[in-house]
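# Notes for the structure review
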Amino acid sequence: MQQTSLAFRRKKSIAVASTVFLFPALLVIAIFIIYPIIDSFATSAYDWNGITDKLFVGFGNWKEMFHDKVFWKAFGNNLIVMVLSICIQMPIGIALATWLDKVGRKGNVAKVIWFIPMLMSSVAIGYLFRYALDANTGFVTGLSQLFGGGRVDLLGNPGKVLLTCIFIISWQFTPFYMVYYLAGYSGLSEDVKEAAMIDGATERQYFWRVALPLLKPTIKSAVILSMVGSLKYFDLVYVLTKGGPSHASELMATYMYSMAFESHRNGYASTLACGMFILISLIAIVTMRLLNRKED
Amino acid sequence: MNSKKKFRPSSIIVAVLVVLWFLICLTPLVFLIMSTFKQQFEMMNNGVFALPEGFYLGNYKALFESGRIWRYILNSLVVLVVTLVILLSFSAFASYPLSRWKFRMNKPIHGFIVACMSIPIHITLLPLYLMSVKTGLYDSIWALIGPYVAFNLPISVFILTTFMATIPKELEEAAEIDGCGRYQMFGKVMLPLVKPGLATLVIYDGVNIWNEFSFALTLTQSAANRTLPLAVNEFQGQYTMNTPMILTVLFISILPMIIVFIFGQDKLIKGMMAGAVKG
Amino acid sequence: MNRKAISAVLSGTMLLSLMAGSMTTVQAAGKTKLTLWHIQTGEMANVIQGSVDRFMEANPDYDVEVVQKQNDTFKTDVSLAAQAGTLPDIFITWGGQTMYDYADQGLIADLTEYMNKDNYKDQFVDAGIAQCTYKDKIWAAPVENISVAGIFYNKDVFDKYNLEEPKTLDDLEKICDTLVENGVAPFALANATKWTGSMFFQYLATRYGGLEPFADAAAGKGSFENDAFEFAGTKIQDWVDKGYFCDGFNGMDDDSGQARALFYTGSAAMDLMGSWFTMTIAGENKQFLDDGKLGFFPFPEIPDSKADQSLCLGTIGDNLYVVSNKCADKEAAFKVIQSLLDDEAVKERTDLAKIIPLKSFKTSDPVVQEVLDTISKAKGIQLWYDQYLPSEVAEVHKTTSQEIFGKTITPAEADKELQDAMTAYLSKKGTASTEAESAETEA
């Protein structure tokens, strides 16, 4: 009797306290994210260039989206970016963090330099790589000619442009995962390593058998971060290629942006944004379910 | 380094890789810095990767003589600090119950916030613009705070809940026995323990906010209320742009971040270590 | 839960409006405030500020704020401001569908009265006024630049290989073949920017078929699946195959000067570009102009074509200055626009190698003079497709044109895609206007 009331009181106090703690964050999200989303869903029922009168089209935009080859191509490109980003950034990030964790303070200089790409804005990176990859005067062409090769056209070639973008994105974001894993490493207590070493484990064994399994939660959340980030990626691709040529590097976000800000089809752009939101949420939910199930 | 150790081929591979990654990270920055000392025609005629003909300081001079750059820097700083303070406290508040307590709405709310990570910011530009006009915040740096906090919140909560979840339950239980209440527990036990997580957020969100372009472009217009990334605008026209000047602006906007990181990373590591020892 | 969310939103908005209330600024007493949006950069921005300063000096009752906006997002800024009711008193627009939409929507003021006063409009070249006219009213003043496209070339390169300015398309192709043999790219082209390559498409179609095929297709009377556009697409792909364009063109950006770098260094010989090219060079590589290396010739002719071969592609005025319908003092706003072309400004603009759309405009620059001669001989101007067409169709044109260059699409497929977009737009517009009409009859 007393116990149930205690449990009840405890439950109630948790409910009150969690409301207090969550309120500010949810309020901000409601005003600045949810309201605009609702607004977007409403706008998706119209055809509207921002100047002339809105024309009600019902689900017309949604129908168009389902048949829009470019949108689905962009979605496919996003999936490619997602998979390759994870495959490239995670191992390098872990490797760099492992090295930094091993050498400790001696690695400070390396850490600062390795972190620089993350500090640069996508606009800056976009400009720099635009010149570096110029087919005539660029760095890569220069290297190729040094070894007797011809000009290398990476950004104008529909077959190579997406991969090129992925490499640059990876270059930009690997440092973040490096720091993320480093923070994860610092969460492992020294005792664990000492204990493993006393048991006669080599560095390699320690890494594969002890550290990596313990880093699992960090890796899992890093994968989700990278996934969501890749699915809504925009900045660098927009600065560098605007999704071109021939939509070869088109991503959902760049396509939506050009619909809204170049074609001025606000209604359709809203529809694309909503579609994008639904797709990303679905993928994120499914992945999280899968990752959590493995844990159990 | 360690001469006592046996020579191993793998350590050479590691050293080569370390140096290689050094070069990969540094090269673009070197080109960026070099370009800031070039005149426009120089860049056109000699190619982007040629060494500058001399130490041409005209870009820096022009930028700082106009005086507006200081205003942009100040605006960016104010926005950064105010946003970070609000953002970090709100996300720490929210992450605490989500990671430590069992209640019915826990998973749905967590899922909801995480789902918000997937929202492309560009679709909110129009509604948020109209909102800022209606509230009279349009064309002031304060219009930026709300959207910046909101769009960095989901990822911050996501990262912080992960961090908080790794902290052992025993610590809290011990504190509870000592008579620590729920709210005290947050301030006295939790916050100190998630310092590494907060440090990661300061970096990640800080860089995002410092470099943010789209909201700043839409929600402010007069030169007095612009942030640093928008300084690029002045040199980008309908058919042409002053590339060395733009790169100078970009370098100047990266510079504070690099300096902060150089001096701040020591603290960052200490924070991480502290978390590690106690955790 | 629901109620909580609503009250949350409410209290948030209240908080925001409280903050806002305390921040409203007080207007300087007695002065009328006007705002002007433009997209000029560098020296030109200073010229505009100078004009406005002179206006304020002469009219101390006015306080004019000049805001330099960004070109890329300008149309969006205008539409956002229109919805929020915060349009500036004076702003720029481009000709064609964008201006027509503003006029139809009642966003901009009819300037006919002011333009006619003291015959002010007669100072402008006729084609410029024609571009600002819609439904027999004048909506704007063509201020910035006469921008027609033509082929600019590096004289050093032409001299080196004993080449002469071509008259016909065949001549041009011979020149290109010579250049290719010698390892020089005939054309510098940065086509990630899309409108750069689109100019080849537009000129070829205009030379082949004149103004009608395009005008008809845009009006829904004709179609983009037409000989003229087929010819343009096929020719471009032929030229791509023969290597007439620099390597990697579809990945290069024009604004950042990737094409011009090749042009300056002689790695590429020619550049099909708008006449602002002189201004661009004056800004970024003055030495090139001073050394007399820049040459110009109009886009070559197709001798046996029925179409008029003097037609030019471009716009007269480029940035057209308009006055918001909501502006409280339209007369003053118009005077501000006039100040942008006062004697002092005309001098400064001329020095910056602008081609001002005034009849009295004179230049000492030989290249600019050649451009002027070309325009004066032209029997008509084909407005840029991307300004003429509504944005959503224009984007399809630019993308398909880039795809033609990239050979990821056949000319016929490109024309069909463009026609589909045009048809879709026209049918929507048809529905909209019938709806508006029926609403009117109901009222």
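Residues numbered from 1 in each chain as written. Chains lettered and ligands numbered in written order. Predicted model: local features only at pLDDT ≥ 70, side-chain atom pairs only at ≥ 80, totals over all residues.

An unreviewed UniProt entry annotates chain C as Extracellular solute-binding protein of Porcincola intestinalis.

Looking at an unreviewed UniProt entry, one finds chain B named Carbohydrate ABC transporter permease, with Porcincola intestinalis as its source organism. In its Subcellular location (unreviewed entry) section, the UniProt entry covering chain B states "Cell membrane". Taken directly from UniProt, the Sequence similarities (unreviewed entry) text for chain B runs: "Belongs to the binding-protein-dependent transport system permease family." (UniProt positions renumbered as here; feature names shortened; annotations may be inferred.)

## As for the domain arrangement of chain B
Residues and elements named next belong to chain B. Split by domain assignment, chain B resolves into domain 1 (1-59) and domain 2 (66-278). Computed over C-alpha atoms only, the centres of domain 1 and domain 2 are separated by 31 Å. Taken residue by residue, the interface counts nine residues in domain 1 and eight residues in domain 2. Counting only elements with at least two residues in the side of domain 1 that touches domain 2, the list comes to helix H1 (9-35) and helix H2 (40-46). (Domains from an automatic or database assignment. Contact = placed C-beta atoms within 7 Å. Helix = DSSP H or I, 4+ residues; strand = E, 2+ residues; numbered from the N terminus.)

## Things to note about the nonpolar core
A:Ala25, A:Val28, A:Ile29, A:Met256, A:Leu272 and C:Tyr321 are the most contacted members of the largest nonpolar core, which totals 287 residues. If we skip the residues at most four places from it in the chain, A:Leu272 touches A:Met65, A:Phe71, A:Met252, A:Tyr255, A:Met256 and A:Met259. (Core = buried A, V, L, I, M, F, W, Y, C linked by C-beta atoms within 7 Å. Buried ≥ 20, exposed ≤ 12 C-beta atoms within 10 Å, placed from the backbone.)

## Observations concerning the domain arrangement of chain C
Residues and elements named next belong to chain C. Taken domain by domain, chain C comprises domain 1 (32-142 + 316-377) and domain 2 (146-311 + 380-428). Computed over C-alpha atoms, the centres of domain 1 and domain 2 are 28 Å apart. Across the contact, 22 residues belong to domain 1 and 19 residues belong to domain 2. Sorting the residues of the side of domain 1 that touches domain 2 by element identifies helix H4 (97-104) and helix H17 (366-377) as the ones contributing at least two each. Looking at the side of domain 1 that touches domain 2, the element that brings in the most residues is H17, giving seven residues.

## As for the UniProt feature "transmembrane region" (unreviewed entry) in chain B
Residue and element names in this part refer to chain B. With numbering aligned to this structure, UniProt lists the feature "transmembrane region" (unreviewed entry) at residues 12-34, 69-96, 108-129, 141-164 and 245-263. Within residues 12-34, the helical portion is 100% and the strand portion 0%, while the C-alpha atoms at the span's ends are 32 Å from each other. Spanning residues 69-96, this segment combines 100% helix with 0% strand, and its end C-alpha atoms are found 40 Å apart.

## Observations concerning the interface of chain B and chain A
Facing 72 residues of chain B, the contacting portion of chain A comprises 68 residues. Broken down by element, the side of chain B that touches chain A gets its largest block of residues, 14 residues, from helix H12 (residues 243-278) of chain B. Classifying every residue of the side of chain B that touches chain A by side-chain character gives 55 nonpolar, 16 polar and one charged. (Nonpolar A, V, L, I, M, F, W, Y, C, P; charged D, E, K, R; others polar.)

## Considering the interface of chain B and chain C
Each partner contributes to the interface: chain B provides 27 residues, whereas chain C provides 32 residues. Here the residues of the side of chain B that touches chain C are counted per class, giving twelve nonpolar, 14 polar and one charged.

## Section: helix H2 (residues 42-58) of chain C
In a regular helix each residue adds 1.5 Å, so 17 residues correspond to 24 Å; H2(C) covers 25 Å between its end C-alpha atoms and thus fits that length. Packed against the buried residues of H2(C) are strand E1 (32-38), strand E2 (62-68), helix H15 (330-339) and helix H16 (343-351) of chain C. (Expected span 1.5 Å × (residues − 1).)

## Describing the pairing of strand E7 (residues 145-154) of chain C
Residues and elements named next belong to chain C. For E7, the tally of buried residues reaches ten of ten residues, placing the bulk of the element in the interior. Pairing geometry for E7 and strand E11 (residues 312-317), over four bridges, is antiparallel. Paired with isoleucine 146 across the bridge in E11 is isoleucine 316. By the bridge criterion, five bridges tie E7 to strand E9 (residues 268-274) in an arrangement that is antiparallel. What sits directly across from isoleucine 151, in E9, is leucine 272. As judged from the four bridges shared by E7 and strand E10 (residues 294-297), these two strands associate in the antiparallel manner. Following the sheet pairing, phenylalanine 152 is matched in E10 by phenylalanine 296. (Pairing = 2+ DSSP bridges.)

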